[in-house]
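Coordinates in review
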Amino acid sequence: METVKLNNNLECPVVGIGTFMLSPADAENSVREALKMGYRLIDTANAYVNERAVGRGMKASGVKREEVFLSTKLWPSEYENPNAVDETLERLGVDYVDLLYIHQPAGNWLAGYRQLEKAYREGKARSIGISNFEGKYIAELETKWEIAPQFIQVEAHPYFTQKELRATLEKYGIRLMSWYPLGHGDKSLINEPLFAELGKKYGKTPAQVILRWHTQMGFVVIPGSKNVDHIRDNLNILDFTLTDEEMARIAKLDKNERYYHRTDAQLVQFAAWKPGFETK
Ligand SMILES: NC(=O)c1ccc[n+]([C@@H]2O[C@H](COP(=O)([O-])OP(=O)(O)OC[C@H]3O[C@@H](n4cnc5c(N)ncnc54)[C@H](OP(=O)(O)O)[C@@H]3O)[C@@H](O)[C@H]2O)c1
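Attention here is on the structure that accompanies the text. (Residues numbered from 1 in each chain as written. Predicted model: local features only at pLDDT ≥ 70, side-chain atom pairs only at ≥ 80, totals over all residues. Heavy atoms only, no water.)

1. Considerations on the pairing of strand 6 (residues 99–102)
Applied cut-off: The cut-offs for exposure are 20% and 50% of the maximum accessible area for each residue type, with area from a 1.4 Å probe on protein chains only; residues under the lower value are buried, those over the upper are exposed, and the others partly exposed. Labels follow the DSSP assignment, with helices taken as runs of H or I lasting at least four residues and strands as runs of E lasting at least two, numbered in each case from the N terminus. In short, DSSP must find at least two bridges between two strands for them to pair. Viewed with both strands pointing away, a crossover whose connecting path from the first strand over the helix to the second turns clockwise is right-handed.
Of the two faces of strand 6, both are covered, the one formed by L99 and Y101 as well as the one formed by L100 and I102. Two strands pair when backbone bridges link them, and strand 5 (residues 69–74) and strand 6 are joined in this way by four bridges, in the parallel orientation. If you follow T72 over to strand 6, its bridge partner there is L100. Regarding the hand of the β-α-β motif, the stretch spanning strand 5, helix 3 (residues 84–92) and strand 6 is right-handed. Judged from the three bridges that link them, strand 6 and strand 7 (residues 128–131) form a sheet pairing that is parallel. Residue pairing for strand 7: Y101 is matched across the bridge by G129. For the crossover from strand 6 across helix 4 (residues 109–121) to strand 7, the handedness is right-handed.

2. Quick notes on the sheet that holds strand 6
Backbone hydrogen bonds are what pair the strands of a sheet, in a parallel or an antiparallel way. In space, the eight strands of this open sheet follow the order 3-4-5-6-7-8-9-10, with parallel pairing throughout. Two strands in the sheet have a free side with no partner beyond their single neighbour: strand 3 (17–18) and strand 10 (220–221). Relative to strand 4 (residues 41–43), strand 3 runs parallel, the two sharing two bridges. Across the sheet, residue I17 finds its bridge partner in strand 4, namely I42.

3. Topic: unusual backbone geometry
Even without being a glycine, N132 presents a positive backbone phi close to 70°. Mapped onto the elements, N132 comes out in the loop between strand 7 and helix 5 (136–142). With phi around 55°, Y180 is a residue other than glycine that occupies positive phi space. Structurally, Y180 can be placed in the loop between strand 9 (175–179) and helix 7 (187–190).

What follows is the structure in structure tokens.
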């Protein structure tokens with residue numbers, strides 16, 4: 001598996017599987033099958049309420065814990081819970097994660113970030129990250145972090161390439177992990193004629209061309225899927241390379257337009273919401 005080197009020298013696979021909106025049963029299945037077919041990066045979150053299922057999928061795959069790069073996220077209502085990290089590890093059935101994010105710039109997010117730094121120092125998180133911290137949030141955090149994050153996880157795809165954010169990331173060697181990499185099931189992105197044309201040239205599906213674009217942009221990509229054929233396809237993207245000219249043509253699709261628009265009112269709701277964690 002191709003990897004990228006993080007700003008703390010840890011290696012992370014360039015492709016993984018995301019588990020947002022997967023029920024526990026689907027998450028367990030997708031994670032087990034993905035690991036069996038060669039995936040080594042898994043992304044979940046407190047808020048997905050499937051961490052126990054992800055842990056079960058990892059065990060059932062037979063792949064050794066140390067071979068998997070496991071990423072999860074603390075939800076804002078956990079930022080002031082001093083046991084949030086240990087409880088997250090317990091749900092996942094592991095004694096460390098490879099990457100621990102704070103999920104949203106909501107509530108007492110600085111307390112959340114301090115928990116990440118503590119977990120990093122204690123070896124409970126081998127790298128740390130911020131999710132959805134674009135603009136003023138990363139600008140404020142930048143003045144307060146004691147340990148710079150290794151990752152930021154944000155919406156990114158050919159319609160929205162995070163041009164502005166990327167300048168800040170370069171300063172610190174922070175890697176971008178793309179969410180909604182395929183447009184979250186929206187067909188207009190996948191159906192762009194350019195991806196069909198390039199797919200034909202390389203013997204790939206439009207989705208595979210989009211995912212390869214992410215990796216060539218230097219992004220780590222975690223497409224979500226509960227379809228085993230898609231899961232297989234999404235891993236099978238590293239045996240071709242888009243030319244500079246093709247990357248330039250894809251760059252022209254950038255509309256600087258997100259699919260998901262978060263409001264300040266939602267941030268307040270996020271801070272108040274408590275995930276109904278799985279009990280078994
Ligand atoms: N930090 C955050 O706030 C945040 C927000 C959103 C997402 N995320 C993370 O990012 C991951 C990816 O985002 P996402 O899952 O929402 O969106 P996505 O990966 O852009 O799209 C997932 C959708 O695409 C379909 N799909 C997957 N592979 C396909 C393929 N090869 N061909 C055609 N369709 C395909 C899936 O359907 P099938 O199941 O039928 O394959 C699903 O409907 C999440 O799972 C989560 O881990 C993080």
